[in-house]
Number of protein chains: 2
Amino acid sequence: MTMKRTKTTLSIDPTKDTQLSDSAAIVSEKMQSEDRRQFIRRSAAGVAVLASPSLTHAAVPESWKIPGGDFSNYGLPHADQKNVIRWISQGRSVAGEGVSWTPLHDLEGTITPNGLHFERHHNGIPEIDSAQWEVALHGLVAKPLAFDLASLKRYPMTSRIAFIECGGNSNSLWHPNAVQAPVGYAHGLLSCSEWTGVKLSVLLEEAGIKPDARWLVADGLDSSGVTVSLPLDKVLDDTLVALYQNGEALRPSNGYPARLLVPGWEGIVNLKWLRSLQLTSSPLMSRFDTVSYTDLHKDGTFEMKVKSIITSMTPGATLPGAGFHEISGLAWTGNGRVAGVDISVDNGKTWMAATLQEPVLDKALTRFRLPWQWDGTATIVKSRAVDQNGQMQPTRDALLAEKGSSAYYHYNAIVAFSVESDGYVSHVYA
Amino acid sequence: MTMKRTKTTLSIDPTKDTQLSDSAAIVSEKMQSEDRRQFIRRSAAGVAVLASPSLTHAAVPESWKIPGGDFSNYGLPHADQKNVIRWISQGRSVAGEGVSWTPLHDLEGTITPNGLHFERHHNGIPEIDSAQWEVALHGLVAKPLAFDLASLKRYPMTSRIAFIECGGNSNSLWHPNAVQAPVGYAHGLLSCSEWTGVKLSVLLEEAGIKPDARWLVADGLDSSGVTVSLPLDKVLDDTLVALYQNGEALRPSNGYPARLLVPGWEGIVNLKWLRSLQLTSSPLMSRFDTVSYTDLHKDGTFEMKVKSIITSMTPGATLPGAGFHEISGLAWTGNGRVAGVDISVDNGKTWMAATLQEPVLDKALTRFRLPWQWDGTATIVKSRAVDQNGQMQPTRDALLAEKGSSAYYHYNAIVAFSVESDGYVSHVYA
């Protein structure tokens, strides 16, 4: 895979009259929206080139002379996007064990297209005959039930936009030296979709919950033996048996025919390829409840913590010259809604509030944006998110102080990018 | 293409103990949310089958015995979805002239996956070299400008979820006899995406709008000569130069590298493959401003009017037996937000308020849902939407009275489906 942007692909030629003449002062911390709009207008001016007569007048483009290409039953991206792909990191000792990453640095908005949703498989993608498939709901229920795909589709559905993040996302940042990787390759075990399915509470209502039930033990059809335990209150709150992702049936790599969606909780419990859902009085303490993923936070909570990452610049690439840049990225929290994102362009000395793209949804990715007039001097850029409960993304030092230096999961500290005077971007601990 | 569901594929066997025993009364018009929740619980009961010991206990599924399939750089749907495709209706006299339809009856939620976004091409899909591509902004501006893809990406971006509907969507319903077609094949020139791009107002601010500018004339790079005129106030309000669709770059069939998004207005003005944007004092009165698409509404407005369609049943398919069904579908308006959707299961004698899936967004598709306990007798089912301005979807008679019987565009009347006692669904004028 090659980097999309390199030092050699400056798209604005500094010898032409296309640079911003106004290297305006850094945006003030208290900038109001009207000021901001004017700032954007003033700052962006000059990026475009003057239109030539050939564009505005009589010239006839080649594509007007011949009919275009055919319709298709199912569309695919343009060949230009051949490098906008999931990057695969695969282990060597176990077949089908590894991850594929969402290329966050090449995407915009908040919805992840289905073809680019991240994957974490422990033993590959099982092939399931959906005509034979059933999921069992049993254990501490009045009446054990089984659902095939057709019967599940008869239940009342719920749609919601939600992120899923792997508990191991960003874990290269535990390393003592700052690893250089494009944003998606370091933080892209994170995707966001509109999920549709049946609330597990509806199915449990039908089965009848016995009084001593406290946990749900779920297992799937892949050969790695993933079994997870979920507290019943989370199951009854907002957990879905998801059948659809961004409108269409789940993809094979995302759990077809059915998976759990456990909004805001780490990826592993959003169990794919459902086989069995069993109510129990206590957690199973399976391998995936104990050895992997499930290090509780110090405060005893379990949700993915508030976090943000800038996506409009990415380590290894180069900003196309000084002047106006929109600093944009994604923020999220497993604990409700994102309340705000601050950006610093001076290594944390001062912070400015970014604009959050509406609607800001519960347990969904939120896009943030901030206009930035870069004066071309080397600096360090950071983002920090705060959620509706006032939880703020910690510094790396604070996270290490809490979790120790040999931790592996749930890295959510503030990320810093250095921008050199030539625009080259690196990941730094700062 | 074959129908996904036919009379022969009842997925619930009436000889088994899987039917709903309780053929409850029709939901009352004033049903409150708590009542509704209880109704859903009571009604849905019985769809599942009792779980067998083989599912709940020791049986080892085949997929546990072997590693699963490989990772992929870009995922695709499961082979089971081979018929969940855009259906193509192509003319014979002009190459690449026609439509492809979003299969709404096979989808859920509100987001259309990019591979299934509807298409309307007048002369095929132009192949564009994005490295050479520029769009010109000229005419009544202080400074004509040209933007290549790299420079457009430097401007401040905006993301929003919005539907696009072709002005000719649903036009088979102008026919004097009710045409039988699956929902997506009659109403699926309608899709909804999260679009990201640069507000045209930002670019115009830089170019400088001359005082006598009132219209924008836009043309594209395909060989059919599509040129459209847009009033400047709409352009300055919320029109985007869209670069991304559901996170990734526009697909070739949806305007790559850049298209207009004109939220709430008919498809044709959401011009694809942008070439030139010219400010003028009056509309061009091009072929696409006059002959095609642009019949104004009687009240002088131009937005797509409030509309809804049920997608959970589809002509030519058969409901899987009496009992509980969720009636679900999509509602939208080019004039703000959907305020409500009513469902009738007795051919319009009584109406019940469906639940709107949150968030209900401006000029976006809204999913509605209503629990229905079908007693197995033949009936007629309808949906009608009302928007935030109190505009209600008209009856077919009222629409014909307004537009005449030889109209072609902007069909938005209430649609009726008959359900026979065996569950067979037909499109009817009723």
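Residues numbered from 1 in each chain as written. Chains lettered and ligands numbered in written order. Predicted model: local features only at pLDDT ≥ 70, side-chain atom pairs only at ≥ 80, totals over all residues. Heavy atoms only, no water.

## What about the overall build of chain A?
Now for step 1: Broken down by element type, chain A carries eight helices and 23 strands.
Now for step 2: Taken across its 430 residues, chain A has 63% of its residues classed as buried.
Now for step 3: For chain A, contacts bridging at least 24 residues in sequence account for 73% of all contacts bridging at least 6. (Helix = DSSP H or I, 4+ residues; strand = E, 2+ residues; numbered from the N terminus. Buried < 20%, exposed > 50% of the residue type's maximum accessible area, 1.4 Å probe, protein only. Contact = heavy atoms within 4.5 Å.)

## So, the relation of the copies chain B and chain A
Now for step 1: Between chain B and chain A, the superposition needs a rotation of 180° and an axial shift of 0.0 Å, giving an RMSD of 0.0 Å. Both copies of the chain, as the preceding transformation shows, are related through a two-fold rotation axis. In terms of proximity to the rotation axis, the leading residue of chain B is Pro113(B), whose C-alpha is 3.5 Å off the axis. (Least-squares fit on C-alpha atoms with pLDDT ≥ 70 in both.)

## Here's the deal with the interface of chain B and chain A
Now for step 1: The interface of chain B with chain A comprises 114 residues on the first partner and 115 residues on the second.
Now for step 2: Each partner contributes to the roughly 9,500 Å² buried at the junction of chain B and chain A, and carbon and sulfur atoms together form 59% of this total.
Now for step 3: Put simply, chain B and chain A have zero salt bridges between them.
Now for step 4: Sort the elements by how many residues they give to the side of chain B that touches chain A and strand S16 (residues 323–332) of chain B lands first, with four residues.
Now for step 5: Looking at the side of chain B that touches chain A residue by residue, the class counts come to 51 nonpolar, 38 polar and 25 charged. (Buried area = accessible area lost by both parts, 1.4 Å probe. Salt bridge = Lys/Arg side-chain N within 4 Å of Asp/Glu carboxyl O. Nonpolar A, V, L, I, M, F, W, Y, C, P; charged D, E, K, R; others polar.)

## Some thoughts on the packing of aromatic side chains
Now for step 1: According to the stated counting rule, one finds 12 aromatic pairs over all chains in the structure shown.
Now for step 2: Taking the centre distance of 5.6 Å and the plane angle of 85° together, the rings of Trp101(A) and Tyr185(A) count as edge-to-face. Highlighted residues: Trp101(A) in strand S3 (residues 98–101) and Tyr185(A) in helix H4 (residues 183–187), separated in sequence by 84 residues.
Now for step 3: Overall, the relative accessible area of 33% leaves Tyr185(A) in the partly exposed class.
Now for step 4: Arranged with centres 5.0 Å apart and planes meeting at 90°, the rings of Trp174(A) and Tyr411(A) form a pair that is edge-to-face. Here Tyr411(A) lies in the loop between helix H8 (396–403) and strand S22 (416–419) and Trp174(A) lies in the loop between strand S7 (158–165) and H4, a separation of 237 residues in the sequence. Each member of the pair Trp174(A) and Tyr411(A) is classed as buried.
Now for step 5: By the ring-pair criterion, three or more aromatic residues cluster together here, those being Trp87(A), Trp101(A) and Tyr185(A).
Now for step 6: In this structure, Arg384(A) is placed above the aromatic ring of Trp351(A), and the distance from its NZ or CZ to the ring centre is 4.0 Å.
Now for step 7: Stacked on the ring of Tyr429(B), the Lys or Arg Arg396(B) has its end atom at 3.5 Å from the ring centre. (Phe/Tyr/Trp six-rings, centres within 6.5 Å; stacked < 30°, edge-to-face > 60°. Lys NZ or Arg CZ within 6 Å of the ring centre and 35° of its normal.)

## What about the side chain of Arg160(B)?
Residue and element names in this part refer to chain B.
Now for step 1: Within the secondary structure layout, Arg 160 lies in strand S7 (residues 158–165).
Now for step 2: Under the relative-accessibility criterion, Arg 160 is labelled buried at 17%.
Now for step 3: A distance of 2.9 Å separates a polar atom in the side chain of Arg 160 from the backbone oxygen of Asp 362.
Now for step 4: Those residues in contact with Arg 160 that lie beyond four places of it in its chain are Ser 193, Glu 194, Trp 195, Asp 238, Leu 240, Leu 261, Pro 263, Asp 362 and Lys 363. (Polar contact = N/O pair within 3.5 Å; in protein donor to acceptor, adjacent residues only side chain to side chain.)

## Notes on the sheet that holds strand S17 (residues 338–344) of chain B
Now for step 1: In spatial order, the strands read S18-S17-S21-S22-S23 (chain B); together these five strands make up an open sheet with antiparallel pairing. Two strands close off the open sheet at either side, each with one partner strand: strand S18 (352–353) and strand S23 (425–428) of chain B. (Pairing = 2+ DSSP bridges.)

## As for the pattern of salt bridges
Residues and elements named next belong to chain A.
Now for step 1: If you walk through the whole model with that rule in mind, you get 30 salt bridges over all chains.
Now for step 2: For Arg 86, the salt bridge identified is with Glu 119, shortest N-O distance 3.5 Å. In this pair, Arg 86 sits in the loop between helix H2 (53–56) and strand S2 (87–90) while Glu 119 sits in strand S4 (residues 119–121), placing the two residues 33 residues apart along the sequence. Here Arg 86 matches Glu 119 in class, with each residue buried.

## Examining the sheet that holds S16(B)
All names here are of chain B.
Now for step 1: The antiparallel open sheet is built from four strands, whose spatial order is S15-S16-S20-S19. What marks the edges here is a single partner per strand, and that holds for strand S15 (307–310) and strand S19 (355–356).
Now for step 2: Examined bridge by bridge, S15 and S16 share four bridges and lie antiparallel to one another. Paired with Lys 307 across the strands is Trp 332, a residue of S16.

## Focus: the environment of Ser100(B)
Now for step 1: With respect to the helices and strands, Ser100(B) occurs in strand S3 (residues 98–101).
Now for step 2: By relative accessible area, Ser100(B) is classed as buried at 0%.
Now for step 3: Along the backbone, Ser100(B) and Phe118(B) are 18 residues apart, and their C-alpha atoms lie at a distance of 5.5 Å.
Now for step 4: Setting aside residues no more than four positions away along its own chain, Ser100(B) makes contact with Phe71(A), Arg86(B), Trp87(B), Ile88(B), Phe118(B), Glu119(B) and Leu189(B).
Now for step 5: One polar contact links Ser100(B) to Glu119(B), side chain to side chain, over a distance of 2.6 Å.

## Some thoughts on the environment of Gln180(A)
All names here are of chain A.
Now for step 1: Relative to the helices and strands, Gln 180 is located in the loop between S7 and H4.
Now for step 2: Separated by 248 residues in sequence, Gln 180 and Val 428 place their C-alpha atoms 8.5 Å apart.
Now for step 3: Look past the residues within four positions of Gln 180 in its chain and what remains in contact with it is Pro 315, Ser 426 and His 427.
Now for step 4: Within polar-contact distance, the side chain of Gln 180 engages the backbone oxygen of Ala 178 at 3.4 Å.
Now for step 5: Here the side chain of Gln 180 touches His 427 through a polar contact of 2.7 Å, landing on its backbone oxygen.

## Examining helix H5 (residues 200–207) of chain A
Structurally, the α-helix is built with 3.6 residues per turn, so residues lying three or four positions apart point the same way.
Residue and element names in this part refer to chain A.
Now for step 1: With seven of eight residues buried, H5 lies mostly within the body of the structure.
Now for step 2: All of the buried residues along H5 are Leu 200, Ser 201, Val 202, Leu 203, Leu 204, Glu 206 and Ala 207.
Now for step 3: Just downstream of H5 lies Gly 208, where phi reads positive at about 85°.

## Examining the confidence of the model for chain A
Now for step 1: Model confidence for chain A is summarised by a mean pLDDT of 88, while 87% of its residues fall at 70 or above.
Now for step 2: Predicted as a complex, the structure gets a pTM of 0.90 and an ipTM equal to 0.90. (pLDDT = per-residue confidence, 0-100.)

## Some thoughts on the pairing of strand S16 (residues 323–332) of chain A
The two faces of a sheet get side chains in turn, since along a regular strand they alternate between them.
Residue and element names in this part refer to chain A.
Now for step 1: Among the 10 residues that make up S16, 10 are buried, leaving the element largely enclosed by the rest of the structure.
Now for step 2: Summarising the sheet, S16 and strand S20 (residues 366–374) pair through nine bridges and their orientation is antiparallel. By the bridge assignment for S20, His 325 is matched with Trp 372.

## Considering the environment of Phe288(A)
Residue and element names in this part refer to chain A.
Now for step 1: Mapped onto the secondary structure, Phe 288 falls in helix H7 (residues 287–290).
Now for step 2: With a relative accessible area of 1%, Phe 288 lands in the buried category.
Now for step 3: Sequence separation of Phe 288 and Ser 229 is 59 residues, and the distance between their C-alpha atoms is 8.5 Å.

## Looking at helix H8 (residues 396–403) of chain B
All names here are of chain B.
Now for step 1: Every buried residue of H8 is listed here: Arg 396, Leu 399 and Lys 403. Looking straight down H8, one finds its buried side chains confined to an arc of 60°; they lie on one side. Across from the buried face of H8, at angles greater than 90 degrees, the exposed residues are Asp 397 and Ala 401.
Now for step 2: One or two residues past the end of H8 sits Gly 404, with phi positive at roughly 85°. (Arc of directions from axis to C-beta.)

## Considerations on the state of the cysteines
Now for step 1: Evaluation of the coordinates by the stated rule reveals zero disulfides over all chains.
Now for step 2: The thiol of Cys166(A) is unpaired, and the distance to the nearest cysteine sulfur, on Cys192(A), comes to 16 Å.
Now for step 3: Lacking any disulfide linkage, Cys192(A) is separated from the closest cysteine sulfur, that of Cys192(B), by 14 Å. (Disulfide = S-S within 2.5 Å.)

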